Amino acid sequence: MIMDEQNTEQTAEQTLDLAHVKYVLETALLVSQEPMSLNALKKLFEEKLDNDTLRKVLEEIRGDWEGKGVELVSVATGWRFRSRPEAQK
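The following refers to the structure shown. Per-chain numbering applies: the sequence of each chain, read as written, is numbered from 1 onward. For a predicted model such as this one, the threshold for reporting local features is a pLDDT of at least 70, and the threshold for listing and counting side-chain atom pairs is 80 or more; totals across whole chains, interfaces and linings nevertheless cover every residue. As a rule here, side-chain values come from all non-hydrogen atoms in the structure, and water together with hydrogens is ignored.

## Re the overall build of the protein chain
Test applied: Where helices and strands are cited, they refer to DSSP runs of H or I of at least four residues and of E of at least two residues respectively, numbered from the N terminus. Three exposure classes are used, based on accessible area relative to the maximum for each residue type with a 1.4 Å probe and protein chains only: buried under 20%, partly exposed in between, and exposed over 50%. Two residues form a contact once any of their heavy atoms are found within 4.5 Å.
From N to C terminus, the protein chain includes 4 helices and 2 strands. Shown N-terminal to C-terminal, the secondary structure of the protein chain runs as helices and strands in the order α-α-α-α-β-β. Burial analysis of the protein chain (89 residues in total) assigns 29% to the buried set. Restricting the contact set of the protein chain to residue pairs at least 6 apart, pairs at least 24 apart contribute 44%.

Written out as structure tokens, the structure reads:
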């Protein structure tokens with residue numbers, strides 16, 4: 001049973017265009033006025049997107065913004081971009 005679930009997850013991830021997922025997530029998060037929950041982010045896609053894949057892409061986006069004036073953070077109500085503390089002065 002566990003092997004079937006892993007195979008299903010791998011197949012679903014392989015059929016998703018992760019570059020497109022990243023593009024959509026980054027855009028939505030940059031223009032959103034409020035943090036976006038995982039459920040809200042999932043609604044941006046017709047395809048089923050599991051939480052692990054979603055978190056993986058969000059972490060990749062976070063890494064892409066390292067060293068810039070804004071950062072992607074996880075807060076109690078979801079994910080959002082904000083200015084880095086050192087850039088707020």
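## Things to note about the nonpolar core
Just so we agree on the cut-off: Side-chain atoms within 4.5 Å are what join buried Ala, Val, Leu, Ile, Met, Phe, Trp, Tyr and Cys residues into a set we call a nonpolar core.
With 19 residues, the main nonpolar core has L25, L29, L41 and L58 as its most contacted residues. For this core, the secondary-structure elements that each account for two or more residues are α2 (18-31), α3 (38-42), α4 (51-64) and β2 (78-83). At 5 residues, the largest contribution of residues to this core is made by α2.

## A few points about the environment of M36
Relative to the helices and strands, M36 is located in the loop between α2 and α3. Sequence separation between M36 and L25 is 11 residues; the distance between their C-alpha atoms is 9.8 Å. Residues in contact with M36, not counting those within four places in the same chain, are A28, L29, L41, L44, T77, G78 and W79.

## Section: the packing of aromatic side chains
Ring pairs (aromatic) are described by centroid distance and by the angle formed between their planes. Quick note on the threshold: The aromatic pairing rule takes the rings of Phe, Tyr and Trp, using the six-membered ring of Trp, and pairs them if the centres are within 6.5 Å, calling planes under 30 degrees apart stacked, those over 60 edge-to-face and the rest tilted. Remark: a charge is flagged as sitting over a ring if the NZ atom of Lys or the CZ atom of Arg is within 6 Å of the ring centre and within 35 degrees of the ring normal.
Taken as a whole and judged by the stated rule, the model has 1 aromatic pair. Stacked on the ring of W65, the Lys or Arg K68 has its end atom at 5.1 Å from the ring centre.

## Here's the deal with the pattern of salt bridges
The line we're drawing: The term salt bridge refers to a pairing of a side-chain nitrogen on Lys or Arg with a carboxyl oxygen on Asp or Glu at a separation within 4 Å.
Under the defined criterion, the tally for this structure stands at 5 salt bridges. Notably, a salt bridge pairs R62 with E59, separated by 3.0 Å at the nearest N-O pair. Taken together, the residues span about one helical turn, with R62 and E59 both in helix α4 at a distance of 3 residues. Its relative accessible area of 26% is what places R62 among the partly exposed residues. Relative accessible area serves as the criterion here: at 41%, E59 is assigned to the partly exposed category. Note that E71 is salt-bridged to R82, the shortest N-O span being 2.9 Å. Separated by 11 residues along the polypeptide, E71 in strand β1 (residues 70-75) and R82 in strand β2 bring together distant segments of the chain. We classify E71 as buried; its relative accessible area is 14%. Classification of R82 as partly exposed rests on a relative accessible area of 37%. Connected through shared salt-bridge partners, K22, E60 and D64 make up one network.

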